[in-house]
Amino acid sequence: MARGIETKCLHLEEDEEYSNNYGAISYPIFQTATYAHMGVGKSTGYDYSRLQNPTREHLEKVVAALENGIDALALTTGMAAITLMMEMFSPGDHLIADADLYGGSIRLFSNISKKNGITFSSIDCYKEDVESYINENTKAVYIETPTNPMMNVTDIEKLGKVAKRHNLLLIVDNTFLSPYFQNPLELGADIVVHSGTKYLGGHNDTLAGFIVTNRKDISEKLRFLIKTTGAGLAPFDSWLILRGIKTLGIRMEKAQENAIVIANWLKEQKAVTKVIYPGLKEHQGYEIMKKQARGFGAMITFQLESKEYALAVLEKVRMIKFAESLGGVETLITYPATQTHADVPKEIREKNGITDSTLRLSVGIEDVKDLLEELNKVFYE
Ligand SMILES: *Cc1c(COP(=O)(O)O)cnc(C)c1O
């Protein structure tokens, strides 16, 4: 029987020999750039850490297991992962990408990828007819679900069928839910990317990124690309992410429990004009999430009655930190218009629904009483 995901956060199926690494419970940090050869034509299998490193490989096996993939690649950041993945495409290729995406992904696609001759149709994959945008050069569909920051939810299985029918790759950025709550490869995706900086690392202390696939041909391409371009994750950072992953399950559960309480509290405040959390029954994606995910996550986007009110909230928070990023144990509040999505042109931002009074909350694992006390202070004192 397949092991549960909490177990997979701690143990590989292929349990190591006790004699390896002296039986160390915590996987060792192989802080080495290179490896000795016992003779000409002889190798331990490890030649140089850009190509192979045991600590990084251990992390990659853990993440592949969490996403039910056959291979995972660990990179220095989420953007390094998405950039490497984009190297699979060639000038002339066309991709369909969600309109609402992490701002850094939009920046990558509209600057670097475009310069490399790749064209995009930027559409709302959760509600538009994706099929009608496919042309003879279309190679892939790239989505987030829920999207950052508007929390739009796409039916992965349905889109996966469209992609299969047209021989396109379906690529899903699974950062917002983490593998604990959602496994896109199981639903028909070919590639999953992650900002490991967020829930996988979980402690707001390390940058990392992942690409996971269940296809051998894609894995081979990506392995060639990472070896060639060189953005593999360093041994120490690999160890930090491994350490973070051990508590992924209990962190996700606690953060989600807090998020549900806070989403309902926000709904009752007069100054809040809209609460966007997929765990609320009125959310566009509530039923799809119940079908394709095991939880709703801990990211909440909300609109305030005015820009002034939003700025005042950001000025007043103390225990909750006004900071970019998400998915860590500490609760963070973000202003997408000037932070995560600052480089997205204002008209596109507003078309997606991001206004000057939109705030995004990454709910952490504090005592929810203290979070509510802080929010009450921020709103009413
Ligand atoms: C943060 C983020 C990224 C980029 O990851 P980095 O680790 O910051 O490079 C990509 N996608 C999503 C959804 C993110 O939230």
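These numbers come from a predicted model, not from an experiment.

Reading guide: rules and limits
Residues numbered from 1 in each chain as written. Predicted model: local features only at pLDDT ≥ 70, side-chain atom pairs only at ≥ 80, totals over all residues. Heavy atoms only, no water. Near = heavy atom within 4 Å. Polar contact = N/O pair within 3.5 Å; in protein donor to acceptor, adjacent residues only side chain to side chain. Areas by Shrake-Rupley, 256 points an atom, 1.4 Å probe, with all protein chains shown as cover. Helix = DSSP H or I, 4+ residues; strand = E, 2+ residues; numbered from the N terminus. Nonpolar A, V, L, I, M, F, W, Y, C, P; charged D, E, K, R; others polar. Buried < 20%, exposed > 50% of the residue type's maximum accessible area, 1.4 Å probe, protein only. Contact = heavy atoms within 4.5 Å. Pairing = 2+ DSSP bridges. Axes fitted to C-alpha atoms, helices over the stretch in contact; angles between N-to-C directions. Phe/Tyr/Trp six-rings, centres within 6.5 Å; stacked < 30°, edge-to-face > 60°. Core = buried A, V, L, I, M, F, W, Y, C linked by side-chain atoms within 4.5 Å. Domains from an automatic or database assignment. Left-handed = near helix turned anticlockwise from the far one by under 90°. Arc of directions from axis to C-beta. Right-handed = clockwise from strand over helix to strand, strands pointing away.

Draft legend 1. Just the site of the ligand, in detail. The immediate surroundings of the ligand are formed by 14 residues, with Met-79, Asp-173, Ser-195, Thr-197 and Lys-198 found nearest. Between Gly-78 and the ligand, the recorded distance is 2.9 Å, taken from a backbone N or O atom to an oxygen atom. The backbone of Met-79 places a nitrogen or oxygen atom 2.8 Å from an oxygen atom of the ligand. Computed on the free molecule, the ligand has an accessible area of 380 Å², of which 93% lies beneath the protein chains in the complex. Considering each element in turn, the shell around the ligand owes the most residues, 3 residues, to helix H3 (residues 78-86). Within the shell around the ligand, the residues separate by chemical class into 5 nonpolar, 6 polar and 3 charged.

Draft legend 2. Local environment of helix H8 (residues 235-245). All of the buried residues in H8 are Pro-235, Ser-238, Trp-239, Ile-241, Leu-242, Gly-244 and Ile-245. On its buried face, H8 sits against helix H2 (54-66), strand S7 (209-213) and helix H9 (248-267).

Draft legend 3. Focus on the sheet that holds strand S2 (residues 94-98). One open sheet accounts for 7 strands, arranged S1-S7-S6-S5-S4-S2-S3; its pairing is mixed. On the outer flanks of this sheet lie strand S1 (71-75) and strand S3 (119-123), each paired with one strand and no other. Neighbouring strand axes in the sheet, compared pairwise and without regard to direction, differ in orientation by 20° on average. Note that strand S4 (residues 138-144) and strand S5 (residues 169-173) share 5 bridges and pair parallel. Bridged to Ile-143 within S5 is Val-172.

Draft legend 4. Broad picture of the packing of aromatic side chains. For the structure shown, the criterion picks out 10 aromatic pairs. Taking 5.6 Å as the distance between ring centres and 50° as the angle between the ring planes, the aromatic pair formed by Tyr-35 and Tyr-46 counts as tilted. Taken together, the residues Tyr-35 in the loop between helix H1 (5-8) and H2 and Tyr-46 in the loop between H1 and H2 connect sequence positions 11 residues apart. Using a relative accessible area of 16% as the deciding quantity, one classes Tyr-35 as buried.

Draft legend 5. View of the nonpolar core. In this structure, Ile-262, Ile-300, Phe-302, Leu-304 and Phe-379 are the most contacted members of the largest nonpolar core, which totals 89 residues. At 8 residues, the largest contribution of residues to this core is made by H9. Summarising the domain contributions, this core has at least three residues from each of domain 1 (5-245) and domain 2 (249-380). The contacts of Phe-302, once residues within four sequence positions are left out, are Leu-266, Val-272, Lys-274, Val-275, Ile-333, Ser-357, Thr-358, Leu-359, Leu-361 and Phe-379.

Draft legend 6. Fine view of the packing of H3 against helix H4 (residues 103-115). Interaxial distance between H3 and H4 falls to 11 Å at its minimum, and their mutual angle equals 35°. Note on packing geometry: the crossing formed by H3 with H4 is right-handed. Contacts from Met-79, Ile-82, Thr-83 and Met-86 in H3 reach Gly-104, Ser-105, Leu-108, Phe-109 and Ser-113 in H4. Taken together, the residues that form the contact of H3 with H4 break down as 5 nonpolar, 4 polar and no charged.

Draft legend 7. Region of interest: the environment of Val-363. Mapped onto the elements of the fold, Val-363 is located in the loop between strand S12 (358-362) and helix H13 (368-380). In the structure, Val-363 is positioned 30 residues away from Ile-333 in sequence and 8.4 Å away in space, judged by C-alpha atoms. When sequence neighbours within four positions are dropped, the list of residues in contact with Val-363 reads Ala-255, Asn-258, Ala-259, Ile-262, Ala-298, Ile-300, Thr-331 and Leu-371.

Draft legend 8. Here's a closer look at helix H11 (residues 307-316). Every buried residue belonging to H11 is among Tyr-309, Ala-310, Val-313 and Leu-314, and all of these are buried. All buried residues of H11 fall inside an arc of 140° around its axis, so they share one side. Along H11, the residues that are exposed and aim more than 90 degrees away from the buried face are Glu-308 and Glu-315. Where H11 is buried, its residues meet strand S9 (299-304), strand S10 (321-322), strand S11 (332-334), S12 and H13.

Draft legend 9. Here's a closer look at the pairing of S2. Taking burial as the measure, the 5 residues of S2 include 5 buried ones, the bulk of the element. Bridging between S2 and S3 involves 5 bridges; their strand directions are parallel. Bridging across to S3, His-94 finds its partner in Thr-119. Handedness of the S2-H4-S3 crossover: right-handed. Two elements, S2 and S4, share 4 bridges in a ladder whose sense is parallel.

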